Amino acid sequence: MYVYADNAATTSLSPRALEAMMPYFTEVYGNASSLHSPGQRAAEALQQARETVAGAINADHKEIYFTGGGSEADNQAIISGALMGARKGKKHIISTAFEHHAVLHTLDKLKKQGYDITLLDVHENGVVTPEDVAAAIREDTALVTIMFVNNEIGTIQPIGEIGKVCHEKGVLFHTDAVQAVGHVPVDVKALNVDMLSMAAHKFHGPKGVGALYARKGIAVANVIEGGQQERGKRGGTENIPGIVGMAAAIREATEDLEKDMAYVTGLREELIEGLSRIPHSRLNGDREKRVPGTVNFCFEGIEGEGLLLWLDAKGVAASSGSACTSGSLDPSHVLLALGLPHEIAHGSLRLSIDKYNTEEEIGHILKCVPEVVDYLRNMSPVWDELEKGQTAHLI
Ligand SMILES: *Cc1c(COP(=O)(O)O)cnc(C)c1O
C-alpha cells in the first residue's frame, strides 16, 4: 500500500476537473481576446469560471483576477497594498514570522525598497491574535498580511476578527488563503478581507493557476506587464484549460464541504491519537484551531529527512514541512516562529490528508510511523544519550 499524505504540498487533479478541462486543450483552443467565434467560446468559458470562483468565496466576478498560482497572487496582493499605502505616505506593513515564503520574500524585497516591515511572533499554539495585530498597527501602517491556514502545521488564524481590527483602524488586510480555500468555509465578506490569495492545485485543481480576490476599490497593481487581460492587471494569454479546471475543482471542493470536513477531521483525530502514543512526541500547533487535514509532529531524537525517506520506502508520502525548504537542512522557520528550539525544529513530520484518504490508509500510516521512529532512534547516538540520561529530554 502506498499512501499519499502530502496534500498540503499539492493534490491530485480531480477526475471532474480533468474532464472539464479536456475540451479546452483540443476543440476550444481560441484566444479569449480574439473576436472570432473560437475566441469568443474561450472568453465565455473564462467568464463562467470567473463567476464560479467568485461565487465560491462570496465575491463578485469583477473582484477575481486569475494568476499563475498562489505565489503570484501573494506577490500581487502585497505589492498592490504597498503601493496604495505609499501613495498616502504609509510604508509600514505587518505580517507574521510563519508566513509562506511567497509572502516573506515579497516583504524582504519591499524592505529593500524602503518599507518598514513588522513580523509578529506567533504564539506557541501557532496562532496570532487580533490583539497582537491591534498592538502593532501604527499611523503609517498600510497593510496587514496574515495567512488563513499555516501550510506546515495547519493552524487556523482568526481572520474575521483580525480583518475587523484592520478595518476599524483603516488598514488594508490581505490573507494568504491557499491552504484554506476548498478545505474550510471562506466568505470574503464575513472575513473582512480586502484581498485574498488561492491556488487551484491545493484543492484538486491543476497546477500553475490561482486567483487573487481584490474587493472593489482596491487598486490592483500589475506584476506582469503585457496586454489587457485580467482588466489590464495581468498581461498574457489566459490559461483557459487551467482556469476552467480551477472552477470545476472549487465547485467540487465546496459543494459538500461540511460533510467532507467532518470526515477528514475524523481521520485526523485518529492520526493525532495514534501518533501521540509514540513516546517523546509532540503535536505542533493548537489541537482544535486547525484545518481538518493537516497534522505536524516532532519526535525527539529524529531528523526529518531520514524519517521521510524511510516512510517513503514503507509506503507513506509525507513532508517535513514546506516543500520549498525540505531540500535544505535548515530548521523550519514556522517551528522556530512558534519558539521551538533548533534541535526539535529539525525533526518534524507533516501529514496532510484529505477526503480521498481512507480508514485503511490511516491504519497504514499509524503502523509505519512508529516503526520508522523506533528504527531511527535505535540507530541514533543522540537517542542513546537521552535514554541513558546523559542529556535531558526536550519533549
Ligand atoms: C502552496 C502555497 C503557496 C504557493 O502556491 P503556489 O501555487 O505553489 O505558487 C502560498 N501560500 C501557501 C500557504 C501555500 O500553501
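Residues numbered from 1 in each chain as written. Predicted model: local features only at pLDDT ≥ 70, side-chain atom pairs only at ≥ 80, totals over all residues. Heavy atoms only, no water.

S.K.: Account for the site of the ligand, with residues named and values stated.
M.R.: Around the ligand, the surrounding shell holds 13 residues, and the nearest of these are Gly 70, Ser 71, Asp 176, Gln 179 and Lys 202. His 201 is positioned such that a nitrogen or oxygen atom in its side chain is 3.0 Å from an oxygen atom of the ligand. Lys 202 places a side-chain nitrogen or oxygen 2.8 Å from an oxygen atom of the ligand. Burial of the ligand by the surrounding chains reaches 86%, relative to a free accessible area of 380 Å². In terms of residue count, helix α3 (residues 70-87) provides more of the shell around the ligand than any other element does, 3 residues in total. Per-class residue counts for the shell around the ligand are 3 nonpolar, 7 polar and 3 charged. (Near = heavy atom within 4 Å. Polar contact = N/O pair within 3.5 Å; in protein donor to acceptor, adjacent residues only side chain to side chain. Areas by Shrake-Rupley, 256 points an atom, 1.4 Å probe, with all protein chains shown as cover. Helix = DSSP H or I, 4+ residues; strand = E, 2+ residues; numbered from the N terminus. Nonpolar A, V, L, I, M, F, W, Y, C, P; charged D, E, K, R; others polar.)

S.K.: Outline the packing of helix α2 (residues 37-56) against helix α8 (residues 240-255), supporting the account with residue identities and numerical values.
M.R.: Each pair of packed helices can be described by the angle between their axes along with the distance between the axes. Put simply, α2 and α8 touch, their axes get as near as 9 Å, and they point 30° apart. Here α2 is positioned roughly parallel relative to α8, judged by the angle of their axes. Crossing hand, α2 versus α8: left-handed. Contacts between α2 and α8 involve Ala 42, Ala 45, Leu 46, Ala 49, Thr 52, Val 53 and Ala 56 from the first element and Ile 240, Ile 243, Val 244, Met 246, Ala 247, Ile 250, Arg 251 and Thr 254 from the second. Its residues assigned to classes, the contact of α2 with α8 comprises 12 nonpolar, 2 polar and 1 charged. (Axes fitted to C-alpha atoms, helices over the stretch in contact; angles between N-to-C directions. Parallel < 35°, antiparallel > 145°, perpendicular 65-115°, else oblique. Left-handed = near helix turned anticlockwise from the far one by under 90°. Contact = heavy atoms within 4.5 Å.)

S.K.: Before we move on, could you go through the pairing of strand β2 (residues 64-67) and cite the residues and values that matter?
M.R.: Each regular strand shows side chains that alternate between the opposite faces of the sheet. Of the two faces of β2, the one lined by Ile 64 and Phe 66 and the one lined by Tyr 65 and Thr 67 are each fully buried. Here β2 runs beside strand β8 (residues 210-214); their pairing, made up of 4 bridges, is antiparallel. Paired with Phe 66 across the strands is Ala 211, a residue of β8. (Buried < 20%, exposed > 50% of the residue type's maximum accessible area, 1.4 Å probe, protein only. Pairing = 2+ DSSP bridges.)

S.K.: Describe the pattern of salt bridges, listing the residues and the values that go with them.
M.R.: With the rule as written, the count across this model stands at 19 salt bridges. Put simply, Arg 234 and Glu 72 hold a salt bridge, and the shortest N to O gap is 2.7 Å. Highlighted residues: Arg 234 in the loop between α7 (229-232) and α8 and Glu 72 in helix α3, separated in sequence by 162 residues. In this pair, the class of Arg 234 matches that of Glu 72, namely buried. Measuring nitrogen to oxygen at the nearest pair gives 3.6 Å for the salt bridge that ties Glu 168 to Lys 164. Taken together, the residues span about one helical turn, with Glu 168 and Lys 164 both in helix α6 (residues 159-168) at a distance of 4 residues. Through salt bridges that share partners, Arg 268, Glu 269, Glu 273 and Arg 287 make up one connected network. (Salt bridge = Lys/Arg side-chain N within 4 Å of Asp/Glu carboxyl O.)

S.K.: Could you give an account of the domain arrangement of the protein, with specific residues and numbers?
M.R.: According to the domain assignment, the protein consists of domain 1 (15-255) and domain 2 (256-387). Using C-alpha coordinates to define each centre, domain 1 is positioned 28 Å away from domain 2. Taken together, the contact between domain 1 and domain 2 spans 31 residues of the former and 29 residues of the latter. Carbon and sulfur atoms supply 54% of the area that domain 1 and domain 2 bury against each other, a total of about 2500 Å² over both sides. Per-residue buried area on domain 1 facing domain 2 is highest for Glu 124, Glu 152 and Ile 153; these three make up 28% of the total on that side. Residue Glu 124 is joined to Arg 282 by a salt bridge in which the shortest nitrogen-to-oxygen separation is 3.2 Å. (Domains from an automatic or database assignment. Buried area = accessible area lost by both parts, 1.4 Å probe.)

S.K.: Describe the side chain of Lys 202, naming the residues involved and giving the relevant values.
M.R.: Residue placement: Lys 202 occurs in the loop between β7 (195-199) and β8. Of the buried charged residues, Lys 202 lacks a salt bridge, with Asp 176 as the closest side chain of opposite charge at 7.4 Å. Apart from the residues lying within four places of it in its own chain, the contact partners of Lys 202 are Asn 7, Ala 8, Ala 9, Thr 11, Val 178, Gln 179 and His 183. (Lys, Arg positive; Asp, Glu negative; His and termini not counted.)

S.K.: Pulling in residues and values, what's your account of the packing of aromatic side chains?
M.R.: Geometrically, a pair of aromatic rings is defined through the distance of the ring centres and the angle of the planes. A complete count under the given rule lists 2 aromatic pairs for this structure. Positioned over the ring face of Trp 383 is Arg 377, at 4.0 Å from the centre of the ring. (Phe/Tyr/Trp six-rings, centres within 6.5 Å; stacked < 30°, edge-to-face > 60°. Lys NZ or Arg CZ within 6 Å of the ring centre and 35° of its normal.)

S.K.: Kindly report on the packing of α3 against helix α4 (residues 101-112), identifying the contributing residues and their values.
M.R.: At a minimum axis separation of 9 Å, α3 and α4 run at an interaxial angle of 35°. As for how α3 packs across α4, the hand of that crossing is right-handed. Mapping the contact onto sequence places Ser 71, Asp 74, Asn 75, Ile 78, Ile 79 and Ala 82 in α3 and Ala 102, Val 103, Thr 106, Leu 107 and Leu 110 in α4. Looking at side-chain class alone, the contact of α3 with α4 contains 7 nonpolar, 3 polar and 1 charged residues.

S.K.: Which residues make up the sheet that holds β7, and what are the values?
M.R.: Judged by pairing direction, the sheet is mixed, and its 7 strands sit side by side in the order β2-β8-β7-β6-β5-β3-β4 without closing on themselves. The open sheet terminates on both sides in strands that have one partner only, identified here as β2 and β4 (116-120). Across the sheet, the axes of successive neighbouring strands diverge by a mean angle of 20°, strand direction being ignored. Across the sheet, α2 touches β2 and β7, and the angle it forms with β2 is around 110°.

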